[in-house]
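Survey of secondary and tertiary structure
The residues making up each chain are set out below.
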Amino acid sequence: MRLNPHLAAMPGGYLFGEIARRVQAYEPAAPRPIIRLGIGDVTQPLAPAITQALVDAAREMGTPEGFHGYPPDQGYAFLRRAIIDADYAPLGVGLELDEVFITDGAKTDTSALPELLAADARVAVTDPVYPAYVDANAMAGRLGHYEKGAWSRLVTLPCHADNAFVPELPRERVDLLYLCYPNNPTGTVLTQAQLARFVAYALETDTLILFDAAYKAYITDPAIPRSIYQIPGAERVAVECCSFSKSAGFTGTRCAYTVIPKALQGRVDGRMVSLNALWARRVACRQNGVSYPVQRAAAAALSPAGQAQVAAQVQAYIDNAHAIVAALQGAGLEVFGGIHAPYVWLRIPGGQSAWDFFDHLLHRAQVVGTPGSGFGPAGEGYLRLTAFNTAERTREALARILAVL
Ligand code: MLT
């Protein structure tokens, strides 16, 4: 049989798999319990309104009247309506029901959405970047060859302290630009004007922006855009991916959504085609969506009671992020992000490489971070810490880190 050569040519393992492997190998010898500030996995239990909805929907499924078979391809209308009313209407963004697609995760859709474009589409990402975007496009054969740590056809936009982690516009023509704000991994945000510059660029150059807003719940300043559609014209160039994972604790429950406005059009053989219609066609044949109880649980997260409960959970993570920033800055480290995001991006002191510092913290402090270089070459010299652990373990991790600097 002939296998996918692009998949076979993938370098190393997936970042978080490699971290898990190193932690697992070390754990039996660790002198005390390891504290995980690595992968951004939430730790608080599901909020009461959400568990109640899950239980109710599961019971409903066990009755003849309440049983649900295949969900609608794009998701149940009750959830899409709740998303429009709770997440977009307050921002002054109007959406129609069929512009929202329910999916099991933002990772799933940010990886799959490039299927909308031509097979040889040119892709641009920030560097550092959430590695799933790059890996998915590499496997699909869009990124060329991997040589000396770089993909030959991938356009990268370096983000570092000198440009305040605000990427430059791509210098060469690209078809697809990934933007994630609040940013994973740097925890930084874009102002309205900075995001508007990308939208203007995309309108001018006919580029699709894939805007990953998975961390929007962490924005505490109303002046910072929570949706790219707050920028006029974005509905003609941007797809937006959002998730219940980090806003409502759904990393294990799985529910997310993607917005594809009907105003968004591209060309196929010289004729204009709606991306929304193409995606609806693709979704109908590729997936059966998210289960009824989980969609009910997601809708419960958007109910008034649910919103209050998940906001309190998010606030606890924000408090952790602020505590991490304060402690590390207090120790004289250079620290970025962590104000409107659950990620803190710290410059590694003493010139150690990111993986060496990762190993140092694991072996000396029994704390897991994520090496910045795992997010791209521009992440070398940085380490990411997440704010998703408990307040107590976060405090303990900080004390341990400060003791081994
Ligand atoms: C991360 O740690 O970057 C995220 O949790 C990974 C993800 O959302 O898949």
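Check the entry above for the structure.
Description of the structure in this document. (Residues numbered from 1 in each chain as written. Predicted model: local features only at pLDDT ≥ 70, side-chain atom pairs only at ≥ 80, totals over all residues. Heavy atoms only, no water.)

Helix packing for two helices is described by the angle between their axes and how far apart those axes are. At a minimum axis separation of 8 Å, helix H3 (residues 48-61) and helix H10 (residues 292-301) run at an interaxial angle of 150°. As far as their axial angle goes, H10 and H3 are roughly antiparallel. By crossing handedness, the relation of H3 to H10 is classed as right-handed. From H3, Ala 49, Ile 50, Ala 53, Leu 54, Ala 57, Ala 58, Glu 60 and Met 61 reach across to H10, where they touch Tyr 292, Pro 293, Val 294, Arg 296, Ala 297, Ala 300 and Ala 301. When its residues are assigned to classes, the contact of H3 with H10 shows 13 nonpolar, no polar and two charged. (Axes fitted to C-alpha atoms, helices over the stretch in contact; angles between N-to-C directions. Helix = DSSP H or I, 4+ residues; strand = E, 2+ residues; numbered from the N terminus. Parallel < 35°, antiparallel > 145°, perpendicular 65-115°, else oblique. Left-handed = near helix turned anticlockwise from the far one by under 90°. Contact = heavy atoms within 4.5 Å. Nonpolar A, V, L, I, M, F, W, Y, C, P; charged D, E, K, R; others polar.)

Below, the discussion takes up the site of the ligand. Close to the ligand lie Phe 16, Ile 39, Gly 40, Lys 107, Tyr 130, Asn 184, Tyr 215, Lys 246, Tyr 343 and Arg 384, which account for all nearby residues. Within the contact set of the ligand, an oxygen atom lies 2.7 Å away from a side-chain nitrogen or oxygen of Arg 384. For the ligand, whose unbound accessible area comes to 270 Å², protein coverage reaches 85%. A per-class count over the shell around the ligand returns five nonpolar, two polar and three charged. Each of domain 1 (13-45 + 305-403) and domain 2 (51-303) gives at least three residues to the shell around the ligand. (Near = heavy atom within 4 Å. Polar contact = N/O pair within 3.5 Å; in protein donor to acceptor, adjacent residues only side chain to side chain. Areas by Shrake-Rupley, 256 points an atom, 1.4 Å probe, with all protein chains shown as cover. Domains from an automatic or database assignment.)

What follows is about the pairing of strand E10 (residues 256-259). The alternating pattern of E10 places Ala 256 and Thr 258 and Tyr 257 and Val 259 on opposite faces, both of which are buried. Both strand E2 (residues 100-103) and E10 contribute to a ladder of four bridges, which runs antiparallel. Following the sheet pairing, Ile 102 is matched in E10 by Tyr 257. (Buried < 20%, exposed > 50% of the residue type's maximum accessible area, 1.4 Å probe, protein only. Pairing = 2+ DSSP bridges.)

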